[in-house]
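If you want the building blocks of each chain, they are given just below.
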Amino acid sequence: MSDITKSNVLSSLKKIQSDGFDPNILTLNSIQSLELKSNELSLKLSFASQVSSEELKQKIEAQIKSDFPSLQKINIQLQTRSTSSNISTHNDPKKDAILPGVKNTIAVASGKGGVGKSTVAVNLAVALAKDGAKVGLIDADIYGPSVPLMLGIKDKPKVYQAESSLRMLPLENYGVKFISIGVLVDDKAPIIWRGPMASGAIKQFMTDVEWGELDYLIFDLPPGTGDIQLTLVQTIPLTGAVIVTTPQEVSLVDARKALMMFNRVNVPVLGVIENMSFFIAPDTGKKYDIFGSGGGERICKELNVEFLGGIPIDPRIREGGDNGVPMDYDQSDSEYARIMIDISRKLTEQVNIRNANQNDKIEIIL
Ligand code: ADP
């Protein structure tokens, strides 16, 4: 029989599948407290979503009894956490010095341009905000800053004189605060000049913008793995990166390079999102794998990173981008919105696991 530790109890809990209860979203953080007194176990568990507690309580009790037969009594308390308090934060002195109110910083990157990286960054930000998180988005794509267009606001941010410096207020739409490199970097300047300007602008976005308290600050990085990207990745104090790819080999080759770039600078890759995974014909309902299938999952297995999910090709996604109305906001009851929310929750989960591993040497062995 295994010891009654947090991680052994977690493994036991992960065996339970119940209506509305997904074992994949459990982490060590779900176990709020664990107390063992002479064969009596008291467990306080906290979940991100509302679950039917009586039925679940009984299932948990039965599972734990069967996994730890020496226990004579089990007391279980279940509680629901708000999404925001469910987001853990890690202790990174570099990040905390630059972005004190920001819990987590995530880069959305791709090996190639045109795979839908900005679309994914915007829809991911909206999905996280819809789930109750406080979200900011920095458009760092110097080749084509498209976040203002996709979020439907192209105003200049307000600037005001604070005590000793100029401060900028982020723009905001759909619950997402954002700022774009298009505001600071002249888009007519040659790329070779835009590189150094970009890293200066990103620093300014981190230090001079009034972000306030954020659960997530997302960076939409320029595509590729050249010097510009490498400098940016080293400039931003990142919790982790998400790689966007399409399923076909030409895109995967570059996605691998992006993964390697993050490995090289010790930024954890939180997962891969496959965009344009398939197309469902609206008239027949038939599924077409236009760019092949399974590529994203394959590189995840090969490089041992999490596959966060696949997004279909849907003309409404393109229209949403062009019209400044993200599809997961506009069509919040659609299959697409469900996929985006799923991906954003898997990402939250990866962030929490990473932060738990970093902070949490709190494994209690009793
Ligand atoms: P990147 O940031 O990788 O260069 P974008 O996000 O700008 O790519 O996307 C390129 C184009 O493809 C945009 O017009 C966008 O609306 C469209 N697009 C992205 N993802 C999808 C999708 N899943 N279905 C349909 N169109 C998409």
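Please read all numbers here as calculations on a predicted model, not as lab measurements. (Residues numbered from 1 in each chain as written. Predicted model: local features only at pLDDT ≥ 70, side-chain atom pairs only at ≥ 80, totals over all residues. Heavy atoms only, no water.)

K.L.:
Account for the packing of helix 8 (residues 227–235) against helix 9 (residues 249–264), naming residues and giving values.
P.N.:
Taken N-terminus to C-terminus, the directions of helix 8 and helix 9 make an angle of 40°; their axes are 10 Å apart at the nearest point. It follows from the interaxial angle that helix 8 and helix 9 lie oblique. For the crossing formed where helix 8 meets helix 9, the hand is right-handed. In contact with Q229, L230 and V233 of helix 8, helix 9 contributes M261, F262 and R264. (Axes fitted to C-alpha atoms, helices over the stretch in contact; angles between N-to-C directions. Helix = DSSP H or I, 4+ residues; strand = E, 2+ residues; numbered from the N terminus. Parallel < 35°, antiparallel > 145°, perpendicular 65-115°, else oblique. Left-handed = near helix turned anticlockwise from the far one by under 90°. Contact = heavy atoms within 4.5 Å.)

K.L.:
How would you explain a nonpolar patch on the surface if you had to name every residue and give the values?
P.N.:
Residues I192, W193 and M197 make up a contiguous nonpolar surface patch of roughly 370 Å² in combined accessible area. For M197, the position within the fold is in helix 7 (residues 191–207). (Patch = residues over 30% accessible without salt bridge, like charges linked within 9 Å, V, L, I, M, F, W, Y side chains within 5 Å. Areas by Shrake-Rupley, 256 points an atom, 1.4 Å probe, with all protein chains shown as cover. Salt bridge = Lys/Arg side-chain N within 4 Å of Asp/Glu carboxyl O.)

K.L.:
For the sheet that holds strand 10 (residues 214–220), give the residues involved together with the corresponding values.
P.N.:
One open sheet holds the 8 strands; their spatial order is 8-9-5-10-4-11-12-15, and the pairing between them is mixed. Both outer strands of the open sheet, strand 8 (171–173) and strand 15 (307–310), are each paired with one neighbouring strand and no more. Geometrically, the sheet is characterised by an average inter-axis angle of 25° between neighbouring strands, direction not taken into account. In terms of strand pairing, strand 4 (residues 102–109) meets strand 10 through 6 bridges, oriented parallel. Residue V102 lies in a different strand from strand 10, and its bridge partner there is L214. Helix-sheet contacts for helix 7 involve strand 5 (135–139), strand 9 (176–180) and strand 10, and the interaxial angle to strand 5 is about 160°. (Pairing = 2+ DSSP bridges.)

K.L.:
Can you explain the site of the ligand? Please cite residues and give values.
P.N.:
In the neighbourhood of the ligand, 15 residues make up the surrounding shell, with G114, K117, S118, T119 and P312 lying closest. Measuring from an oxygen atom of the ligand, one finds a side-chain N or O atom of T119 at 2.5 Å. Coverage of the ligand by the protein chains reaches 80% of its 560 Å² of free accessible surface. Listed by contribution, the elements that provide at least two residues to the shell around the ligand are helix 4 (117–130) and helix 11 (315–323). For the shell around the ligand, the element with the most residues is helix 4, which contributes 3 residues. Of the residues that constitute the shell around the ligand, the class distribution is 6 nonpolar, 6 polar and 3 charged. (Near = heavy atom within 4 Å. Polar contact = N/O pair within 3.5 Å; in protein donor to acceptor, adjacent residues only side chain to side chain. Nonpolar A, V, L, I, M, F, W, Y, C, P; charged D, E, K, R; others polar.)

K.L.:
I'd like a rundown of the packing of aromatic side chains, residues and numbers included.
P.N.:
Evaluated as defined, the whole model comprises 1 aromatic pair. Taking 4.5 Å as the distance between ring centres and 55° as the angle between the ring planes, the aromatic pair formed by Y174 and Y329 counts as tilted. Of the two residues, Y174 is situated in the loop between strand 8 and strand 9 and Y329 in helix 12 (residues 327–330); the sequence distance between them amounts to 155 residues. For Y174, a relative accessible area of 17% translates into the label buried. (Phe/Tyr/Trp six-rings, centres within 6.5 Å; stacked < 30°, edge-to-face > 60°. Buried < 20%, exposed > 50% of the residue type's maximum accessible area, 1.4 Å probe, protein only.)

K.L.:
Run through the confidence of the model for the protein, naming residues and quoting values.
P.N.:
Mean pLDDT for the protein: 86, with 90% of residues reaching 70 or above. Confidence over residues 360–366 falls short of pLDDT 50; this stretch has 15 contacts with residues more than four positions distant or in other chains. (pLDDT = per-residue confidence, 0-100.)

K.L.:
Pulling in residues and values, what's your account of the domain arrangement of the protein?
P.N.:
Assigned domains of the protein: these are domain 1 (6–81) and domain 2 (86–350). Spacing between the C-alpha centres of domain 1 and domain 2 amounts to 35 Å. (Domains from an automatic or database assignment.)

K.L.:
An account of the pairing of strand 12 (residues 269–274) is needed here, citing residue identities and associated values.
P.N.:
Burial of strand 12 is extensive: 6 of the 6 residues sit out of reach of the surface. Of the strand pairs in this sheet, strand 11 (residues 240–245) and strand 12 are connected by 5 bridges, and their pairing is parallel. Along strand 12, the bridge assignment pairs A241 with V269. Chirality of the crossover, the property in question, places the unit of strand 11, helix 9 and strand 12 among those that are right-handed. Bridge count for strand 12 against strand 15 is 3 bridges, and the pairing is parallel. Bridge assignment links V272 to a residue of strand 15, and that residue is F307. (Right-handed = clockwise from strand over helix to strand, strands pointing away.)

K.L.:
Report on helix 11, specifying residues and quantitative values.
P.N.:
Those residues of helix 11 not exposed but buried are I317, G320 and G321. Along the axis of helix 11, the buried residues cluster in a sector spanning 100°; they form a single face. (Arc of directions from axis to C-beta.)

K.L.:
Let's hear about the pattern of salt bridges: which residues, and what values?
P.N.:
Scanning all chains against the criterion turns up 17 salt bridges. Between D67 and K15 there is a salt bridge whose closest N-O contact spans 3.0 Å. A residue pair is termed long-range when its members are at least 10 positions apart, and D67 in helix 2 (residues 53–67) and K15 in the loop between helix 1 (6–13) and strand 1 (31–37) qualify at 52 residues. The closest approach of N and O atoms between K257 and D254, which form a salt bridge, is 3.3 Å. Separated by 3 residues within a single helix, K257 and D254 lie in helix 9, roughly one turn from each other. When its relative accessible area of 15% is taken as the criterion, D254 is described as buried. Here the salt bridges share partners, and the residues they tie into one network are K112, D254 and K257.

K.L.:
Go over helix 8, please, and point to the residues and values.
P.N.:
When helix 8 is considered as a whole, its buried residues turn out to be I228, Q229, L230, L232, V233 and T235. Contacts made by the buried residues of helix 8 are with helix 7 and helix 9.

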